[in-house]
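Spelled out from the first residue to the last, the chains are:
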Amino acid sequence: MQIQTGATGMWPPAAETQPATTIPDHDAAAVTNIVPMAEQQTEYHLSFTGTGKEYFRIWIVNLCLSLATLGIYSAWAKVRRLKYFDRNTQLNEAVFNFHGDPRIIFRGRVIAVILLFCYHYLFTFSKTLALVLFAIFLLGVPWMMRSALRFRLRNSSYLGLRFQFHGTLAGAYRTYFPVGIVVLLPGLLGVLIPHQPGILVFAFIPYLSWPWLHARMRMYQHKELAFSELRSSCSLTSNSFLWAYFAVGLVLLIFVVMIGMGSAIFIATLKNHAPDNYKIFMELYGWLLFPLGFLAILLAYIIFLSGSTLLQVKIWNKSWNATHFPGVEVDSHLPYKAFYFLQVKNLILTMLTLGLYRPFAVVNVYRFRLQHVSVKAVSFEQLLATQQVPVAQTGKSRQVGQASGDSTADLFGFDLSW
């Protein structure tokens, strides 16, 4: 499991041969009483010891081998990436680890490719087939998302102890079933009613519920985390992200309207009051189209990046500050301004280097996020000593979780290594 920066997740690793635990589910109330609250907590800071140069070597090999094998190596590439970031993430001078089996992930990737093919090519083959696939996706997405969380967390460890995810399948359906409807409904109506675009517009109206749906997904994820026998609690509500989404949406809407109105007024004024200049402008329009278009797209993306970065910062801080473990608190104070300028720098350098700066950008973002996350807890030794958890050696027979959900979720754009 990792802190996502575009790279990987939060709680990272110990050595590959370190022991890991197999922990049964426990009643939440019982777990709450396992660790007595200390009178005073100590603040521990996360740090990342990796470098962009090191990760570049891993990234370029992963990229070349994935391309050479038509994507088959991508499962092994993902495991290498997760292990690198986890094993270079430290908390209280101890590292995290990822134990996932790439062969299991590869089997999940095969399922993901089949589902992706069905959605893009068979979905429009006939109305009956579209309805059948729509039902399959609605029933499969919640299972895949829950499976992804279970696989990622159960294959992540710290101090030799595994993380866990205790979310129920019923909770997954309550959380992700509405998400599936919102995402798939426009495509389904496009197949069932292809010649009525007015109705398709209404199919996108449910996307207005995304702030609530996103909050519910975060609530489901953060309420069911566990480290060894420490079960998490989460104080997020369905309205936690509402104002962040509203502010970003309003600013972007005003920007688009102002650009559109300003362009229309400029062209109309030039045409009516300076016809000669208007003719010259139209003659040069073809030559100016590419550079102006490029600048317009770049400006639009930078503005979009400002909004998306604000959402990332607000959601990240709110989610982790609302997450608690018995005797442990997570403090996230990711700053918007500095994070935004880091994203802009990464964007410009990635474009100037034709994508070769990408691994350095990933490391920069990952390290920056870790620098602004701390864990307040009693002594970790005291926490672990009070649990008296039996430790078992990790092996192939102890591999837990299903990777098919994890791989499918990644391929469909859901990265759960937060």
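Residues numbered from 1 in each chain as written. Predicted model: local features only at pLDDT ≥ 70, side-chain atom pairs only at ≥ 80, totals over all residues. Heavy atoms only, no water.

1. Concerning the environment of valine 363
Short version of the rule: Segments assigned H or I by DSSP are reported as helices when at least four residues long, segments assigned E as strands when at least two residues long, and all are numbered from the N terminus. We call two residues in contact when some of their heavy atoms are within 4.5 Å.
Mapped onto the elements of the fold, valine 363 is located in helix α12 (residues 358-371). Put simply, valine 363 and phenylalanine 85 are 278 residues apart on the chain and 8.7 Å apart in space, counted from C-alpha to C-alpha. In contact with valine 363, other than residues within four places in its own chain, are Phe48, Gly50, Thr51, Gly52, Tyr55 and Phe85.

2. Notes on the sheet that holds strand β1 (residues 42-48)
Two orientations exist for strands paired in a sheet by backbone hydrogen bonds: parallel and antiparallel. Where we set the bar: Between any two strands, at least two bridges found by DSSP are needed for them to pair. Comment: axis = line fitted to C-alpha atoms, over the contacting stretch for helices; angle = value between 0 and 180 degrees taken between N-to-C directions.
Read across the open sheet, the 11 strands follow the order β7-β6-β5-β4-β3-β2-β1-β11-β10-β9-β8; overall the sheet is antiparallel. At either margin of the open sheet sits one strand with a lone partner, and together these are β7 (230-231) and β8 (233-234). Inspection of the sheet shows strand β5 (residues 161-165) paired to strand β6 (residues 225-227) by three bridges, in the antiparallel sense. What sits directly across from phenylalanine 163, in β6, is phenylalanine 227. Against the sheet, helix α5 (residues 127-154) makes contact with β3 (94-98), β4 (156-158), β5 and β6, and its axis sits at roughly 170 degrees relative to β5, the strand it touches most.

3. Looking at helix α2 (residues 52-68)
As a reminder of what qualifies: Helix span, as expected, comes to 1.5 Å for every residue beyond the first. The cut-offs for exposure are 20% and 50% of the maximum accessible area for each residue type, with area from a 1.4 Å probe on protein chains only; residues under the lower value are buried, those over the upper are exposed, and the others partly exposed. Each C-beta atom gives one direction from the helix axis, and the arc is the one those directions make.
Relative to the 24 Å expected for 17 residues at 1.5 Å per residue, α2 spans 24 Å between its end C-alpha atoms, a close match to the ideal helical length. Within α2, the full set of buried residues consists of Gly52, Tyr55, Ile58, Trp59, Asn62 and Ser66. For α2, the angular spread of the buried residues around the axis is 125 degrees, confining them to a single face. The exposed residues of α2 that point more than 90 degrees off its buried face are Lys53 and Ala68. Contacts made by the buried residues of α2 are with α3 (74-87) and α12. Looking one or two residues past α2, leucine 70 carries a phi angle of roughly 55 degrees, positive in sign.

4. Observations regarding the nonpolar core
Our working rule: Here, nonpolar core refers to any group of buried Ala, Val, Leu, Ile, Met, Phe, Trp, Tyr and Cys residues whose side-chain atoms link them within 4.5 Å.
Core analysis: the largest hydrophobic core is formed by 48 residues, its most contacted members being Phe48, Tyr55, Phe85, Leu91, Tyr158, Tyr176 and Phe339. The leading source of residues in this core is α12, at six residues. Residues Met219, Leu236, Ala244 and Tyr245 belong to the second largest nonpolar core, which totals 11 residues.

5. Looking at unusual backbone geometry
Positive phi outside glycine occurs at glutamate 93, with the angle close to 65 degrees. Structurally, the position occupied by glutamate 93 is in the loop between β2 (89-91) and β3. Positive phi values are uncommon outside glycine, yet leucine 354 reaches one of about 55 degrees. Among the residues examined, leucine 354 registers a relative accessible area of 78% and is labelled exposed.

6. Re α5
Rules: Throughout, the bend at a residue refers to the angle made by two axes, fitted to the seven residues ending there and to the seven starting there.
With 28 residues, α5 extends 40 Å between its outermost C-alpha atoms, agreeing within 8% with the 40 Å of an ideal straight helix rising 1.5 Å per residue. Bending of α5 peaks at approximately 30 degrees at the position of glycine 140, with proline proline 142 no more than four residues after it.

7. Focus: the pattern of salt bridges
Condition: Definition used for salt bridges: Asp or Glu carboxyl oxygen within 4 Å of a side-chain nitrogen of Lys or Arg.
Inspection of the entire model under this criterion finds two salt bridges. Put simply, aspartate 101 and arginine 103 hold a salt bridge, and the shortest N to O gap is 3.1 Å. Its salt-bridge partner being glutamate 224, residue arginine 231 comes within 3.9 Å of it at the nearest N-O pair.

8. Observations concerning the packing of helix α4 (residues 102-122) against α5
Rules: Roughly parallel means an angle under 35 degrees; roughly antiparallel, over 145; roughly perpendicular, 65 to 115; everything else is oblique. Rotating anticlockwise by less than a right angle from the far helix to the near helix defines a left-handed crossing, while the corresponding clockwise rotation defines a right-handed one. Under the grouping applied here, Gly and all other residues not named as nonpolar or charged are polar, the nonpolar ones being Ala, Val, Leu, Ile, Met, Phe, Trp, Tyr, Cys and Pro and the charged ones Asp, Glu, Lys and Arg.
Closest axis-to-axis distance for the α4/α5 pair is 11 Å, and the angle between their directions is 155 degrees. Judged by the inter-axis angle, α4 sits roughly antiparallel to α5. Where α4 crosses over α5, the handedness of that crossing is left-handed. The residues of α5 that touch α4, namely those facing Ile104, Ile105, Leu115, Cys118, Tyr119 and Leu122, are Leu129, Leu133, Phe137, Met144 and Phe151. Of the residues belonging to the contact of α4 with α5, the class tally is 11 nonpolar, no polar and no charged.

In short, shape yes, function no, at least from these values alone.
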